[in-house]
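Each chain, letter by letter, is given below.
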Amino acid sequence: MKSARHLVGRSLTWLVVGVAIFTGVLATLPVPQAAEGPARGVPEETFAIVDVTAFDGEAFRQGWDVWVEEGRIRHAGPRLDLPDDLPRLDGRGHTLIPGLIDGHVHSFPSTLGDALRFGVTTVLDQSTDPAFAAAVRPAREEVGRGTGADLFSAGMTATAPEGHGTQYGIPVETLTGPDEAAEWVRARKAEGSDWIKIIYEDGSAFDMEIPSLDGETVAAVIEAAHAEGLAAVVHVSTFETALEAMAFGADGLVHVWRDEVVSEADARRFAEADIFVVPTLSVMVPAEDSDVAELVRETDEAMLSAIQRQTLSARFPGGLAEGGDVAMENVRRLRAAGVRLVAGTDSPNPGTGTGISMHGELRLLARAGMGSAEALAAATSVAADAFGVAERGRIAEGHLADLVLARADLEEDVSRSHDIVAIWKDGYLVDRAVASAGAGPGAEIARAPAATLVADFEDGFEASFGAWDVTTDKLTGGSSTANVAVRDGALVVTGEIAPGTAFPWAGVIWMPGEQPMQPVDFSGREATRGDGRQYSVMLISSAEPAGPPPTMTFIAPEEWTQVEIRLEDFPTATPEVIAGLAFVAEGPVGTFTFEVDEVEVR
Amino acid sequence: MTPGRRFRIYLLEARFQVVETLREPMFAIPTLTFPLIFYLFFGVIMGARGVSLAVPTYVLATYGVFGVLGPALFGFGAGLANERDTGVLLLKQTTPMPAGAYLFAKVMAALIFGAVVVAALFLMAAHAAGVALYRWQWFALAGVLLAGVIPFCALGLAIGAWARGRSAVAVVNLVFLPMAMLSGLWLPIYMFPDVMQDIALALPAYHHAQLALKVIAMDAGQSVRMHLAVLVAETLVFLAVAALGFRRADSFSMRRSR
């Protein structure tokens, strides 16, 4: 009987252990990201970060409380009298800084999200497609959950025919003489340019010969910009052109030069002219000598998009020109002379990655002699002031709650800026996992218009952009059918799922591109929603040329309900590239009816 | 018999049943590994990670049913027939052990093996195929799947009560594999011709699979109550068939001993 008792005990133990393991397995299985929400205990929108070391844009402040209300900083200072019910985050040991401002970027649909995931909440773009800039600019005025950094942009750049800046495949109206300057600047202003960017580059610093605007024209464009109330910044790469641009009255230089070390006396002239410089050391110092590789190693790979990985590993053809050391020395001397320096990366040029390189730039500025506060100021308040960007770059009352909570004490070591606890944009937590990736293979990727409402079906079967069509499994040899009609301001889809193919479907598809199935980049857009009812409906997004499309399912109940699906939840590498969104019924076989209304892609 | 003693007997008999089953690799290996191999092939490899999660998610539910079906049918059907043939059952009947403990042990063994298969399938689906379900869905799916041992054990009991010895294994296989296929456990049922779909309506595995698919919103849209009603009714029928079988066997062995 003794051994039987022993066995009973052992059996019971096994049973308990088995049930525990089984439950443990179930409790640790992955759940859809949206279900967990971005929160994970970190507050957003209206909250306070308490007892934190805050860098307010100018200096480090110990033991501050920062009160965020509806996306803006309501109050910031030592030991605030906070409401009891305000959600709060203990900031002890951490450093809170304003969202970083990258003073020199070039923007594409994917870069705004890439920047934001690394704490760069505002980008100052030094030339991009004016239509893209115009489409994206309005988002900066909205306080709310977004998925990209705010864009301020020069838009189109001033350059000579065949000059630098014309080689990127984005539209550029070139200038041939000073008499065209006034009209050219007015056109930029009409397009919405936030300032004017001028290329003054003959390639001599790179042993190349590139057509360039002459000095007269550069001066005329600067003058015309000022006449229109716009600032003018100049791309230079030699000391000589830098001196000229200063003499022409440029407000800033968007590179430091690396052909010649500036004398202390000349450095003082730059300070006296009150011209600011965006050194862009990230593209001056070879990637091998900067800390970019180390930053990438210390970064969770899930945070890097395909495009970031690609540009980080790319190199300038023929390598960087000599002169990284000269550039560093010039920054050292300009700083010592008191010239305003703005942190900027010139990403996504080869060797840089949008967002992540900003942390490398901070390290390079520190290496060039800047203290922690000074380097962070160059990346926040100084940048905002230089380019006249309001409500950003400081932790101050009324400013947008663009905030980065760094894990470590940045005052002691600014090189830990990439170790981030949380990022808030307009008070909303930023999801740091990658949502964006590269272009789909092959097809040219168009850019998404700014409008978010796809269709409300009030005036028929028209989409506000793109087009609707019927989609069925006939594409794969099936025989399912679908019919659409617009009734009472809603799209009514009826049809029948018929057997005959592996995964039958039928429904409607919305294609945003100008050509059918042309991929369109929607990075920065968060979700789509439809009001569906009465049947199980599936949503398809596809950039892949073959194979079944990534699918998300939801149930449509009898009554109208809002369905919100996050593009980044689609199991695909390129959720922001949409060739078509389909609302379809899939198996089982049988007839179906569902209705769709108010489709929005945000 | 005191409740404590009764509990000990139930527990020990279940333990012995599990150990005995484990020592029979002829049974243990296929029932444990087949659903996993099938899932690896149809869910992970054919399901093509990163393209669509519809397939790996769908077949997770159906191979889960398949995984629970195996231990129940084989443990009860083949195991019972075998033990009756070899006289083990008769030997157990002569002990003071309540008959309930014998049945309980077999159900527990089916449940435990089913749970192992379900856990392994879930892990494979989550980590190899990238399936993500809401927390309640993982638990509900596991619960629904494991509840399937009840009708399937009843079916196994009915087979074991009528079939004899080695033929029981053949009969179980004849029920197991066609039922799995016709119930849509391997491939979605709507890919079959109508006639086969009508047959599915009669099969317990179909209704069980539909309940499992309901958890992940991929079922055929029939009512839960209908599925439950069919399962309960069929379970009762199986139990009745089993009782008849035992009564016949008893009278048969009595006649023979006379």
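Residues numbered from 1 in each chain as written. Chains lettered and ligands numbered in written order. Predicted model: local features only at pLDDT ≥ 70, side-chain atom pairs only at ≥ 80, totals over all residues.

A word on the sheet that holds strand E7 (residues 120-125) of chain A
Residue and element names in this part refer to chain A.
Phase 1: Strand order across the open sheet formed by three strands is E6-E7-E8, with parallel pairing between neighbours. The sheet terminates laterally at strand E6 (100-105) and strand E8 (150-153), the two strands that pair on one side only. Strand-to-strand twist of the sheet, defined as the mean angle between neighbouring strand axes without regard to direction, takes the value 20°.
Phase 2: As judged from the four bridges shared by E7 and E8, these two strands associate in the parallel manner. (Pairing = 2+ DSSP bridges. Helix = DSSP H or I, 4+ residues; strand = E, 2+ residues; numbered from the N terminus. Axes fitted to C-alpha atoms, helices over the stretch in contact; angles between N-to-C directions.)

Quick word on unusual backbone geometry
Residues and elements named next belong to chain A.
Phase 1: Geometrically, the link from Ser 347 to Pro 348 is a cis peptide bond, its omega value of 5° lying close to zero.
Phase 2: Looking at the secondary structure, you find Pro 348 in the loop between helix H11 (324-337) and helix H12 (356-367).
Phase 3: Here Glu 45, not a glycine, exhibits a phi torsion of approximately 70°, which is positive.

Observations regarding helix H3 (residues 54-86) of chain B
All names here are of chain B.
Phase 1: If you check H3, its first and last C-alpha atoms are 47 Å apart, about what 33 residues at 1.5 Å a residue would give, namely 48 Å.
Phase 2: At Gly 79, H3 is bent by approximately 25°, the largest bend along its length.
Phase 3: Counted residue by residue, H3 has 29 buried out of 33 residues, so it is predominantly covered.
Phase 4: In the segment just after H3, Gly 87 is the residue with positive phi, at about 90°. (Expected span 1.5 Å × (residues − 1). Bend = angle between axes of the 7 residues up to and from the residue. Buried ≥ 20, exposed ≤ 12 C-beta atoms within 10 Å, placed from the backbone.)

As for the nonpolar core
Looking at soluble globular proteins, one finds that nonpolar side chains tend to be buried together.
Phase 1: Membership of the largest hydrophobic core comes to 119 residues, with the highest contact counts inside it found for Val 66, Ile 198, Val 221, Val 234, Leu 253, Ala 378 and Ala 383 of chain A.
Phase 2: No other element matches the seven residues that helix H6 (residues 215-227) of chain A contributes to this core.
Phase 3: In contact with Val 234 of chain A, not counting residues within four places along its chain, are Ile 198, Tyr 200, Val 218, Ala 245, Ala 250, Leu 253 and Val 254 of chain A.
Phase 4: If you look at the next biggest cluster of nonpolar residues, it comprises 84 residues, including Tyr 63, Ala 72, Ala 168 and Leu 185 of chain B. (Core = buried A, V, L, I, M, F, W, Y, C linked by C-beta atoms within 7 Å. Contact = placed C-beta atoms within 7 Å.)

Considerations on the pairing of strand E3 (residues 72-78) of chain A
Residue and element names in this part refer to chain A.
Phase 1: Across six bridges, the pairing between strand E2 (residues 60-69) and E3 is antiparallel. Looking at E3, one finds that Asp 65 is bridged to Gly 77.
Phase 2: Counting the residues in the hairpin turn of E2 and E3 gives two residues, including Glu 70, whose phi is positive at 45°.

Some words on the packing of H3 of chain B against helix H8 (residues 165-182) of chain B
Residue and element names in this part refer to chain B.
Phase 1: One way to put it is that H3 packs onto H8 with a least axis distance of 8 Å and a crossing angle of 165°. In terms of their interaxial angle, H3 and H8 are classed as roughly antiparallel. H8 is crossed by H3, and the crossing has right-handed handedness. Between H3 and H8, the residues in contact are Phe 66, Leu 69, Gly 70, Leu 73, Phe 74, Gly 77, Ala 78, Ala 81, Asn 82 and Asp 85 and Gly 165, Ala 168, Val 169, Val 171, Val 172, Val 175, Phe 176 and Ala 180, respectively.
Phase 2: Partitioning the contact of H3 with H8 into residue classes produces 13 nonpolar, four polar and one charged. (Parallel < 35°, antiparallel > 145°, perpendicular 65-115°, else oblique. Left-handed = near helix turned anticlockwise from the far one by under 90°. Nonpolar A, V, L, I, M, F, W, Y, C, P; charged D, E, K, R; others polar.)

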